[in-house]
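One letter stands for each residue in the lines below.
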Amino acid sequence: MKKPLLIILALAVLLFAANFFLVRLIKERLQSTINTNPERSYDLNLEDVEVSIIRGRVVLSTIILSPVAADAQVVFRGTINQIILDDFQVWDFLISRELIIGDLVLFRPSFRLTLTDQETQGREGTKAFQSFFEDIITRGTIRNFQLMDGTAEVFLKKEELERIGGFTDFNIRARGLRTDRRIITHIVPFELDEINTSFRNLKLTLPTKQTFELGSIDFDLLGKKMKLENISVRYDEGLLESSNALEYQQDLIEVELKQLQIIGIDASSDLYGKWSAFAEKMVLDSLVFVDLRNKNKPRPVEQKKKLFSGLLKSIPFPVDMDTLIIQNSHVQYLEVPEGESNPGLIDFHNLNAQIFGFVTVDSLQKSRKMTMEIQADFLGETKLNANFQVPYDSEAFQLQLSLEGMELNKLNRITEPLAGVKVNSGQLHRLALAMNANEFGSQNELTFDYENFTMAVPAKGENDGNNGLKTFAGNLALRSTNLPEKSNYRVASYRSTRNMYRGPFNFIWESTKGGVMEIMPAGVVKIFIPSQSKKKRPKKAP
């Protein structure tokens, strides 16, 4: 009995000693070889290594990540709580020093990006992550890669180091890696079977004195979908204060968006670096879009503006979206009139839009057109419907627009601050505009059916009261009713000449005003449509 017991005891001691020796050898070899590749981009400095030969697992603890050579535009550093090597092939490593790993897990990494050029922060930041993931994955043969519970901070190096943003809850799960083929459109830049990426609480300070926030992003390559939630871009000082600080007029825009989904993403899309999107559908839910222009500031040197087709071609990245849907949204345009401090407001509630054939790539636009169908509540008072047809082979569009009935005094929130005119009474029955437009002008037809229209012109410099002369002259010459059953009923058919230095929506607005002047006496309309000739000529921008 003693002899078998001694043999078992001797085998146990031998196995323990062999395990101890092998564990020590693996530790020493890992620590001595992990930073020996002369082509590596980063050094991994370890505090501890734990090895379980039976489980085929190696755990590297408290890793400090530092670049071998600092990049000119971005410095990428960090710490990693643990790097876990699961399904670690012990004998391949001991015999041939080859790292063969089933699962590589980065647990609780904390990254730090330092930029020298804030303008390129998105592109250069993504390239830094790709470079790091490529560097660490190509140190062995790795089938699956996972990053868990990561965080990142972004700094800008000026005279002093300034924190400009960061994000939390960074997670990546990539399976079926094939490192012999590099795919630059993936955050883990290799061919793979599937990848899921997500992070939360992104916040960035922009060089335009704005703050960009993103609540969360989730990307599923196999499911061909991406979801972003709680997006916002806001001016730090607010829109009105920011417009007062400008030297010249420009549109200041703030955006909030509850959710953006991209569905049916094509494999050729690049959603990380240079950005390109080829997909079946994009859905924007609960968009709030606010545009403010301060007319107290002079215009800069004028440049010719493009219509819809030209605007699409000017988007600086490729997009081919079969369908773009905007739902449950709200669009506001605010304008501070010259000599005033408070803006007038035009808003569209409950805005829903369907856009078909949203394409920015010339080669994909051939024999195609974009169709836009828009429904909204104008000023929250009446239904607006619009249909746009935009060919891609010319700067042109066709528009069918209609407004349903409303009380005309509801327009006072626009006419009083922007034109100094108050509508006393009136009922709109219908407004319908048809435009066949090109870059130089348009042929239009306007139906404007209303009744019992009266107005007043407030006296300047007084708290209340009207300018009696202008009010009397306007109402005297006014066509107070224009209905089909009346003998003097008018439908305007006319041409508009486009101001080449204004965009498409200004073109639509000016064409609508031209039709109103055809139906109402022009002299009346001019009372509350300020003359363009009286406006100050723009100063030259430096």
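Read on for a plain summary of the structure. (Residues numbered from 1 in each chain as written. Predicted model: local features only at pLDDT ≥ 70, side-chain atom pairs only at ≥ 80, totals over all residues. Heavy atoms only, no water.)

Remarks on the overall build of the chain
For clarity, the threshold we go by: By the criteria applied, helices consist of DSSP H or I runs no shorter than four residues and strands consist of E runs no shorter than two, each listed in order from the N terminus. Partly exposed residues are those whose accessible area sits between 20% and 50% of the maximum for their type, while under 20% is buried and over 50% is exposed, using a 1.4 Å probe and protein chains only. Pairs of residues are marked as contacts when any of their non-hydrogen atoms sit within 4.5 Å. Surface accessibility in these figures is a Shrake-Rupley result with a 1.4 Å probe; residues are shielded only by whichever protein chains are displayed.
A tally of helices and strands in the chain yields 10 helices and 23 strands. Residues counted as buried form 45% of the 542 residues belonging to the chain. Partitioning the intrachain contacts of the chain with sequence separation of at least 6 by distance along the chain shows that 61% fall at a separation of at least 24. With an accessible surface of roughly 28800 Å², the chain has 52% of that area assigned to carbon and sulfur atoms.

Quick notes on helix α9 (residues 504-519)
Put simply, the test is: Take the number of residues in a helix, subtract one, and multiply by 1.5 Å to get its expected span.
With 16 residues, α9 should reach 22 Å at 1.5 Å per residue; the first-to-last C-alpha distance of 23 Å fits that figure. Along α9, the positions that sit buried rather than exposed are Pro504, Phe507, Ile508, Ser511, Thr512, Lys513, Gly515, Val516 and Ile519.

Points about the environment of alanine 434
Note that alanine 434 resides in strand β21 (residues 422-438). Looking at alanine 434, the relative accessible area reads 22%, which means it is partly exposed. C-alpha of alanine 434 to C-alpha of isoleucine 508: the two residues are 74 residues apart in sequence and 10.0 Å apart in space. Residues in contact with alanine 434, not counting those within four places in the same chain, are Leu399, Gln400, Gln443, Asn444 and Glu445.

Overview of the layout of surface pockets
Any empty space left between the atoms is revealed when a probe the size of a water molecule rolls over them. Condition: Cavity: a set of points on a 1 Å grid over the protein atoms alone where a 1.4 Å probe fits but cannot get out. Pocket: an open set with protein on both sides within 12 Å along at least five of seven lines, its lining residues, like those of a cavity, having an atom within 4 Å of a point. Grid points are joined across faces, edges and corners, and a volume is the space filled by probe spheres set on the points. Basically, the charged four are Asp, Glu, Lys and Arg, the nonpolar ten are Ala, Val, Leu, Ile, Met, Phe, Trp, Tyr, Cys and Pro, and anything else, Gly included, counts as polar.
What the second largest pocket holds in volume is close to 350 Å³. Around the second largest pocket, the lining is made up of 19 residues, and of these Thr33, Ile34, Leu99, Arg139 and Gly140 lie nearest the centre. When contributions to the lining of the second largest pocket are tallied by element, the ones reaching two or more residues are α1 (2-33), β4 (74-88) and β5 (100-115). Along the lines of polarity and charge, the residues of the lining of the second largest pocket split into 12 nonpolar, 4 polar and 3 charged.

Observations concerning unusual backbone geometry
Non-glycine residue serine 286 carries a positive phi angle of around 60 degrees. Residue serine 286 is classed as partly exposed on the basis of its relative accessible area, which comes to 22%. The phi dihedral of leucine 379 falls on the positive side, at around 60 degrees, and the residue is not glycine. Residue position: leucine 379 is located in the loop between β17 (369-378) and β18 (382-391).

Observations regarding the pattern of salt bridges
Using the following cut-off: A carboxyl oxygen of Asp or Glu within 4 Å of a side-chain nitrogen of Lys or Arg is what we treat as a salt bridge.
What the rule picks out here adds up to 19 salt bridges. The partner of aspartate 87 in a salt bridge is arginine 143, and the shortest N-O contact between them spans 2.5 Å. You can see aspartate 87 sitting in strand β4 and its partner arginine 143 sitting in strand β6 (residues 141-157), a full 56 residues away along the chain. Of the charged contacts, one joins aspartate 193 and arginine 178 as a salt bridge, the two residues approaching to 2.9 Å between their closest N and O atoms. With aspartate 193 in the loop between β9 (190-191) and β10 (194-205) and arginine 178 in strand β8 (residues 178-182), the pair connects residues that are 15 residues apart, well separated along the chain. You can call arginine 178 partly exposed: its relative accessible area is 31%.

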